[in-house]
Amino acid sequence: MARKPVAVVDIGSNSVRLVVYSGRQRAPSPIFNEKVMAGLGAGLRGNGQMSPESEQKALSALCRYKLLLRHMGVREAKVVATAAVRDAANADDFIASVKAIGLPCEVVSAEDEARFSGLGVLSAFPGASGIVGDLGGGSLELIEIGNDGPRPGLSLPLGVLRVERSKAGEKLVRDILKKEVKKTGLDKSGRGQPFYMVGGSWRALAKIDMIATDFPLPATHHYRIKPERVAELRKIAENPATFEGLLSSARLASAPVAAMVLERVVDELQPSELIVSAFGLREGLLYADLDARARKLDPLIEAARDAGGAEHRFGQHGDLLHDWIAPLFEDGPKMERLRRASCLLADVAWQAAPPFRADRGVEMALHGDWTAVDAAGRVIMAQALTSNFGRDTLPDWRLTQLVKPELLLRAHCWASRCASASDSAAALPRCWNGLTSISAARR
Amino acid sequence: MLERTHLNLSRTSVTLCVPHRNEALAGDAVRRRLQRLAEAFGRKAEVATFV
């Protein structure tokens, strides 16, 4: 059955964004993504109201989104407004205007905003535990996550548009964090745990770090930063002009405050590492609607099955291939799932001319829209695919610095088994039926 | 997706034509892109509607 697209319209303090996903599934794939930096939260620091200019910008964008949804045939759209609308003195008129456009806007409470952000991170990092921080224009949410899901979180008025870039602003951030974090016990539960960074301003900061350190992959999702690096990162972010043209001007403008808030958060929570999550509130809203069975699925495997399934020549190719080679390798669970994902993608390049198949496989592994895999995992998958398509080396030597050599060798070995299984299949007309029977017998 | 929306190129302008009551489709970002396109052709950018 064809999937029906679903959309989330997120009326944030910084941006108003429309994301259309291909369907309600474990690994939601964005098919359309547009934002307008309306800055609804910018006026709150002054008179507590959204400015007429920012409202007008937001409403124009929402009119366009409404039309786009109609033209795209999207029947299901969640329209949520967060801190700026929640806290503005003139919110009622704005909400009425949004509803007049024909978008059923729901103002998310601070608690729910924190919970959905936590769910979004859990959907992208299955089994994650630690603290999630979602920095928006109007607020900073802090949520503890663990096996039992997100716990009740905090919403603090520390969004990048609310905090002043000054010593007084920094003192305010420090005082509020110290008081609230201690009151809720996050200082103890967050110590030595990963801290997940959510929100465009922190993603922009990660991007700055990636450029500054010449990181070889462009995806910010799952990018790791050492806590001791944050002070240096703040110094870099103080001169955002260096990064003009590489990031949007609005994100560059908020980078110094985003870095200052991050440094203060790190000071209070003392996390083990910082991990960037591109998944947050919007993905949390979708994840909340999935049933328990769908939530348990591995998003990497599901996404690889979708991507591989769209490109391969034979039905069930990837799963069969994996079942065929699995008994030959005793990998731990982390490598096992990368092996399965690589097998699911093993036939993605058959339409390309032979000299370019390895490139296509590597590109897919390194730059695919994967969620639950870090940079090292992408490189391992890339090694498996490049070897699968007959080339031994990766295109950029810096990639090999991200992974232990023995793991790359392991991926190369998976590939040689995959290639021999595929060659057998191509040579013998009924080989896949044979593989199916053998796999079934082994199970 | 937007079958009826189209571009017209005349000697003086590049015109984005959107259906009547769909004017909001030409948001800020679209207008900026249209402006860049028109500049590339050495013409002025316009948005027009049709019924």
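Calculation notes
- Residues numbered from 1 in each chain as written.
- Chains lettered and ligands numbered in written order.
- Predicted model: local features only at pLDDT ≥ 70, side-chain atom pairs only at ≥ 80, totals over all residues.
- Heavy atoms only, no water.
- Helix = DSSP H or I, 4+ residues; strand = E, 2+ residues; numbered from the N terminus.
- Expected span 1.5 Å × (residues − 1).
- Buried < 20%, exposed > 50% of the residue type's maximum accessible area, 1.4 Å probe, protein only.
- Arc of directions from axis to C-beta.
- Contact = heavy atoms within 4.5 Å.
- Axes fitted to C-alpha atoms, helices over the stretch in contact; angles between N-to-C directions.
- Parallel < 35°, antiparallel > 145°, perpendicular 65-115°, else oblique.
- Left-handed = near helix turned anticlockwise from the far one by under 90°.
- Nonpolar A, V, L, I, M, F, W, Y, C, P; charged D, E, K, R; others polar.
- Buried area = accessible area lost by both parts, 1.4 Å probe.
- Salt bridge = Lys/Arg side-chain N within 4 Å of Asp/Glu carboxyl O.
- Polar contact = N/O pair within 3.5 Å; in protein donor to acceptor, adjacent residues only side chain to side chain.
- pLDDT = per-residue confidence, 0-100.
- Pairing = 2+ DSSP bridges.
- Core = buried A, V, L, I, M, F, W, Y, C linked by side-chain atoms within 4.5 Å.
- Patch = residues over 30% accessible without salt bridge, like charges linked within 9 Å, V, L, I, M, F, W, Y side chains within 5 Å.
- Areas by Shrake-Rupley, 256 points an atom, 1.4 Å probe, with all protein chains shown as cover.
- Lys, Arg positive; Asp, Glu negative; His and termini not counted.
- Charge placed at Lys NZ, Arg CZ, Asp CG, Glu CD.

A.B. asks: What's the story with helix α1 (residues 28-40) of chain B in this structure? I'm lost.
C.D. replies: Because the α-helix completes a turn every 3.6 residues, residues three or four places apart line up on one side. Taking 1.5 Å of rise per residue, 13 residues should cover 18 Å, and α1(B) covers 18 Å from first to last C-alpha, within 8% of that figure. Taken together, the buried positions of α1(B) are occupied by Val30(B), Leu34(B) and Ala38(B). The buried side chains of α1(B) occupy one side of the element, clustering within an arc of 70° when seen end-on. Opposite the packed face of α1(B), turned more than 90 degrees from it, sit the exposed residues Arg32(B), Arg33(B), Arg36(B), Glu39(B) and Ala40(B). Summarising the contacts, the buried residues of α1(B) are in contact with α2 (52-72) of chain A together with β1 (6-9), β2 (13-19) and β3 (44-50) of chain B. Just past α1(B), the residue Gly42(B) takes up positive phi, approximately 70°.

A.B. asks: Would you mind going over helix α8 (residues 200-212) of chain A with me for this structure?
C.D. replies: Residues and elements named next belong to chain A. Between its first and last C-alpha, α8 extends 18 Å over 13 residues, near the 18 Å set by a 1.5 Å rise per residue. All buried positions along α8 are accounted for by Gly200, Ser201, Trp202, Arg203, Ala204, Leu205, Ala206, Ile208, Asp209 and Met210. Phi turns positive, to about 55°, at aspartate 214, one or two residues after α8.

A.B. asks: Help me understand the packing of helix α9 (residues 230-237) of chain A against helix α10 (residues 249-269) of chain A, please; the structure alone is not making it clear to me.
C.D. replies: Between two packed helices, what matters for the description is the angle formed by their axes and the separation of those axes. Residues and elements named next belong to chain A. Between α9 and α10, the least distance of the axes is 8 Å, while the angle of their chain directions is 165°. The angle between α9 and α10 places the two elements in the roughly antiparallel class. Crossing handedness for the pair α9 and α10: left-handed. Contacts between α9 and α10 involve Val230, Ala231, Arg234 and Ala237 on the former and, on the latter, Ala255, Pro256, Ala259, Met260, Leu262, Glu263, Arg264 and Val266. When its residues are assigned to classes, the contact of α9 with α10 shows nine nonpolar, no polar and three charged.

A.B. asks: Honestly, the environment of Trp397(A) in this entry has me stumped. Any pointers?
C.D. replies: Within the fold, Trp397(A) resides in helix α18 (residues 397-400). For Trp397(A) and Leu320(A), which are 77 residues apart along the polypeptide, the C-alpha to C-alpha distance reads 32 Å.

A.B. asks: Please explain the interface of chain A and chain B as it appears in this structure.
C.D. replies: In many reports, interface size means the accessible area that the parts give up when they come together. Contact with chain A, which involves eight residues of that partner, is made by nine residues of chain B. The contact between chain A and chain B buries some 780 Å² in all, and 67% of this surface belongs to carbon and sulfur atoms. Summed over the three residues of chain A that lose the most area to chain B, namely Arg64(A), Leu67(A) and His71(A), the buried surface amounts to 63% of that side. Scanning the region where chain A abuts chain B turns up zero salt bridges. Counting across the interface, chain A meets chain B through two residue pairs in polar contact (both at pLDDT 80 or more). Class assignment for the residues of the side of chain A that touches chain B results in four nonpolar, one polar and three charged.

A.B. asks: Before we go on, may I ask you to explain unusual backbone geometry in this structure?
C.D. replies: Trans is the prevailing form of peptide bonds, just as negative phi is the prevailing case for residues other than glycine. You will see that Gln270(A), though not glycine, has its phi angle at about 50°, which is positive. With respect to the helices, strands and loops of the structure, Gln270(A) is situated in the loop between α10 and β12 (273-277). The class for Gln270(A) is partly exposed, based on a relative accessible area of 38%. In this structure, Arg21(B) is a non-glycine residue whose phi angle is positive, near 75°. Assignment of secondary structure puts Arg21(B) in the loop between β2 and α1.

A.B. asks: Quick question: what am I supposed to make of the confidence of the model for chain B here?
C.D. replies: Low-pLDDT stretches of the model should not have their predicted coordinates read in fine detail. Predicted confidence across chain B gives a mean pLDDT of 89, with 94% of residues reaching 70 or more. Of the two predicted TM-score estimates for the complex, the pTM is 0.87 and the ipTM is 0.78.

A.B. asks: Before we go on, may I ask you to explain the sheet that holds strand β3 (residues 30-36) of chain A in this structure?
C.D. replies: In any sheet, the strands associate via hydrogen bonds between backbone groups, in a parallel or an antiparallel arrangement. Residue and element names in this part refer to chain A. If you trace the five strands from one edge of the open sheet to the other, you get β3-β2-β1-β4-β5, paired in mixed fashion. Strand pairing shows two members of the sheet lacking a second neighbour, β3 and β5 (105-107), which therefore form its edges. Sheet twist, expressed as the mean angle between neighbouring strand axes with direction ignored, is 15°. The pairing of strand β1 (residues 6-11) with strand β2 (residues 16-21) spans six bridges and is classified as antiparallel. Residue pairing for β2: valine 8 is matched across the bridge by valine 19. The sheet strands contacting helix α11 (residues 281-288) are β1, β2 and β4 (76-81), and the helix crosses β1 at an angle near 140°.

A.B. asks: What should I look at first to understand the nonpolar core in this one?
C.D. replies: Soluble globular proteins tend to bury their nonpolar side chains together. All names here are of chain A. Membership of the largest hydrophobic core comes to 44 residues, with the highest contact counts inside it found for Leu140, Leu142, Leu177, Phe195, Trp202, Leu205 and Leu262. Element by element, the count of residues in this core is highest for α10, at eleven residues. Ignoring anything within four residues of it in the chain, the contact list for tryptophan 202 reads Gly133, Asp134, Leu135, Leu140, Phe195, Met197, Ala258, Val261 and Leu262. Core analysis: the second largest hydrophobic core is formed by 41 residues, Ala307, Ala341, Leu344 and Ala382 among them.

A.B. asks: Where do I start with the side chain of Arg234(A) in this structure?
C.D. replies: Residue and element names in this part refer to chain A. Topologically, arginine 234 is positioned in helix α9. Separated by 2.9 Å, the side chains of arginine 234 and glutamate 170 make a polar contact. One polar contact links arginine 234 to glutamate 263, side chain to side chain, over a distance of 2.7 Å. Apart from the residues lying within four places of it in its own chain, the contact partners of arginine 234 are Glu170, Ala259, Met260, Glu263 and Arg264.

A.B. asks: Even after reading the chapter, I still don't get a positive patch on the surface, so can you show me in this structure?
C.D. replies: A contiguous patch of positive charge on the surface is contributed by Lys57(A), Arg32(B), Arg33(B) and Arg36(B). Here the positive patch takes three residues from α1(B), the largest share from any one element. One can find Arg32(B) in helix α1.

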